[in-house]
Amino acid sequence: MKRLIPFVLTLGLAMVACDSSSSTHAPAEEEEKQATAAHVVVPVDYSLGRAMNKRLGKGINLGNAWDSHSYWNCGTLQYDPDRKSSDTVIYKANGIEYPMFLPSYDAKYDNNIPAVQYNYGCDDYLDGGWGNAIKDEYFKFLKDAGFNSVRIPVRWQHNSDPVTHKVNPDRLAGVKEDVKLAIDMGLAVIVSFHWYYEISFFATNRNKFPALYEAEKEHFAAIWTEVATAFKEFPDTMLVWDVLNEPTMSQPRDLNEVLTTGYNAIRSVDPNKTIMFESYQYAKFSALDVLELPKDGNIIYSGHYYDPYEYSHQGHSTACVGDAAYANTASEDMKNYVKTAMKLYPDINGGFIPMNVGEFGVSGGPDDRCGGDGPSEAKKALWAKKTIEAAEYWNMSWVYWGFVAVGGFEAYDKSNGRWYSGFPAAFGL
């Protein structure tokens, strides 16, 4: 979910898709050229990754649940409420001083870095922080509808211990329960590390905060080691790890260093599950060329697709103009993404690295922020249908954003118990 400019919301509100179109993190052109030039092309046998990608098939995101957060009931906060939102104070943990950022609309800190590190010690609302907890019955409903997989976004660092690096135990147990329910129902599962803004921020500012960047990588690795170990009981053929959702660090060097840290942590304890990679600029498909992916045949490249943003993100990061902004260039776009994949990541059997559309969708549901002047249900479904047709032509798996209550991007109206007009037919179900 995410191409939007996320913003910190209160009480009942939730985040939606992200907006890379307004990202200020575009790398220098010269560094992009150097990253591409430095890439060494080595054909890989992607048979394992391709088999898992086929199993994922048609999927849907269960977003705004385990990726939600809340910033209240944190006890005694160590800042002066009269300070400017961009001011910092210091939080000491494990001998390291951390800046604490006041939750605010200050885009300087990406709006999402909490005052108390990782919200440790705050009340934990688990998957109910935005009032959209995953219901047990969803899994049977989605399986019966014809889906092959679900993606469960998780804000793993939320309420984690900054000293021991341990994930909140209730969060770990709750996600495991949902993964088990999905797998028992015959649905493959992608679990993503969602909304880890801290690591992207400190990677982008590593020259200013070198110790904090190293500490964040240590936290990232420790969490993935704990999570991957805890989920080893699930079949390798039914669970995929998405290393880092929509990275926002500004340079390819930092992106690759962070992704390699997560990948190595997972592989150190779980050598057999498929691992999924996203690129920077909020998982831009076209940014595959800046990645240095491991020579591992059990991986998948995932991109998020919301083009054109002027149509898909009305009321979020673009103006409300309704169907006048409708366009869909997915057929040409996917062809171009595949050309890059064939060039940089060829398969020794022919073809290219397995590819997944990890998020795609259009606003316009009951949470329509355009007051009814956003995209129509019919055009929203048509855009989804054309995007899916383009992805499936190249044997890409896909995961729609999302199922219910994702800021108007949802395909199903849970309040009225109905699919939006054109769904689920747009999914080919």
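Cut-offs used in this document
- Residues numbered from 1 in each chain as written.
- Predicted model: local features only at pLDDT ≥ 70, side-chain atom pairs only at ≥ 80, totals over all residues.
- Heavy atoms only, no water.
- Pairing = 2+ DSSP bridges.
- Helix = DSSP H or I, 4+ residues; strand = E, 2+ residues; numbered from the N terminus.
- Axes fitted to C-alpha atoms, helices over the stretch in contact; angles between N-to-C directions.
- Contact = heavy atoms within 4.5 Å.
- Core = buried A, V, L, I, M, F, W, Y, C linked by side-chain atoms within 4.5 Å.
- Buried < 20%, exposed > 50% of the residue type's maximum accessible area, 1.4 Å probe, protein only.
- Polar contact = N/O pair within 3.5 Å; in protein donor to acceptor, adjacent residues only side chain to side chain.
- Phe/Tyr/Trp six-rings, centres within 6.5 Å; stacked < 30°, edge-to-face > 60°.
- pLDDT = per-residue confidence, 0-100.
- Salt bridge = Lys/Arg side-chain N within 4 Å of Asp/Glu carboxyl O.
- Parallel < 35°, antiparallel > 145°, perpendicular 65-115°, else oblique.
- Left-handed = near helix turned anticlockwise from the far one by under 90°.
- Nonpolar A, V, L, I, M, F, W, Y, C, P; charged D, E, K, R; others polar.

Some details on the sheet that holds strand β8 (residues 299-305)
Next up, step 1: If you walk around this closed barrel you meet the eight strands as β1-β4-β5-β6-β7-β8-β9-β10, and the pairing is parallel. Between one strand axis and the next, the sheet turns through 25 degrees on average, direction left out of account.
Next up, step 2: Each of β4 (149-154), β5 (188-193) and β6 (239-242) touches helix α4 (residues 169-184); the most contacted strand, β4, lies at about 175 degrees to it.

Considering the nonpolar core
Next up, step 1: Among the nonpolar cores identified, the biggest contains 112 residues, and Val150, Trp156, Val179, Phe231, Met355, Phe423 and Phe427 are the most heavily contacted of them.
Next up, step 2: Ranked by residue count, the leading element in this core is helix α6 (residues 210-230), at nine residues.
Next up, step 3: Not counting residues within four places of it along the chain, the set of residues in contact with Trp156 comprises Val167, Arg171, Leu172, Val175, Val191, Ser192, Phe193, Ile223, Val227 and Phe231.
Next up, step 4: Core analysis: the second largest hydrophobic core is formed by five residues, Tyr306, Tyr309, Val406 and Phe409 among them.

Regarding the side chain of Ser302
Next up, step 1: You can see Ser302 is positioned in strand β8.
Next up, step 2: Residue classification places Ser302 among the buried residues on the basis of a relative accessible area of 1%.
Next up, step 3: For Ser302, the side chain forms a polar contact with the main-chain nitrogen of Gly358, separated by 3.4 Å.

Regarding the packing of aromatic side chains
Next up, step 1: A full pass over the atoms with the stated rule returns 36 aromatic pairs.
Next up, step 2: Both rings, one in Phe231 and one in Phe234, keep their centres 5.7 Å apart while their planes meet at 45 degrees; by these two values the pair is tilted.
Next up, step 3: Take Phe231: its relative accessible area is 0%, and that puts it in the buried class.
Next up, step 4: In this structure Phe234 comes out as buried when scored by relative accessible area, which is 7%.
Next up, step 5: Centroid distance Tyr263 to Phe277: 5.8 Å. Interplanar angle 40 degrees. Geometry classified as tilted. Note that Tyr263 is positioned in helix α7 (residues 252-269) and Phe277 in strand β7 (residues 274-277), a separation of 14 residues in sequence.
Next up, step 6: Looking at Tyr263, the relative accessible area reads 13%, which means it is buried.
Next up, step 7: Take Phe277: its relative accessible area is 2%, and that puts it in the buried class.

Remarks on the confidence of the model for the protein
Next up, step 1: Per-residue pLDDT for the protein averages 86, and the proportion of residues at 70 or more is 80%.
Next up, step 2: Under a pLDDT of 50 for its full length, residues 1-15 has, in the predicted model, 80 contacts with residues more than four places off or in other chains.
Next up, step 3: Below pLDDT 50 for its whole length, residues 102-110 participates in 26 contacts with residues either more than four positions away or in separate chains.

With respect to unusual backbone geometry
Next up, step 1: The omega angle of the peptide bond from Asp307 to Pro308 is -10 degrees, so this bond is cis rather than trans.
Next up, step 2: With respect to the helices and strands, Pro308 occurs in the loop between β8 and α9 (309-312).
Next up, step 3: One non-glycine residue, His165, adopts positive backbone phi at about 70 degrees.
Next up, step 4: Take His165: it is sitting in the loop between β4 and α4.
Next up, step 5: Backbone geometry places Glu246, a non-glycine residue, at a positive phi of 40 degrees.

Some details on the pattern of salt bridges
Next up, step 1: For the structure shown, the criterion picks out 20 salt bridges.
Next up, step 2: Between Asp254 and Arg206 there is a salt bridge; the shortest N-O distance is 2.6 Å. Note that Asp254 is positioned in helix α7 and Arg206 in the loop between α5 (197-204) and α6, a separation of 48 residues in sequence.
Next up, step 3: Among the salt bridges present, the one from Glu214 reaches Lys217, with a minimum N-O distance of 3.5 Å. Of this pair, Glu214 and Lys217 both sit in helix α6, three residues apart, which is roughly one turn of the helix.

Description of the packing of helix α10 (residues 330-344) against helix α11 (residues 377-393)
Next up, step 1: The interhelical angle for the contact between α10 and α11, taken along N-to-C directions, is 30 degrees, at an axis separation of 8 Å. In terms of orientation, α10 and α11 fall into the roughly parallel class. As α10 packs across α11, the resulting crossing turns out to be right-handed. Side by side, α10 and α11 meet where Ala330, Ser331 and Met334 of the first sit next to Lys386, Thr387, Ala390 and Ala391 of the second.
Next up, step 2: Classifying every residue of the contact of α10 with α11 gives four nonpolar, two polar and one charged.

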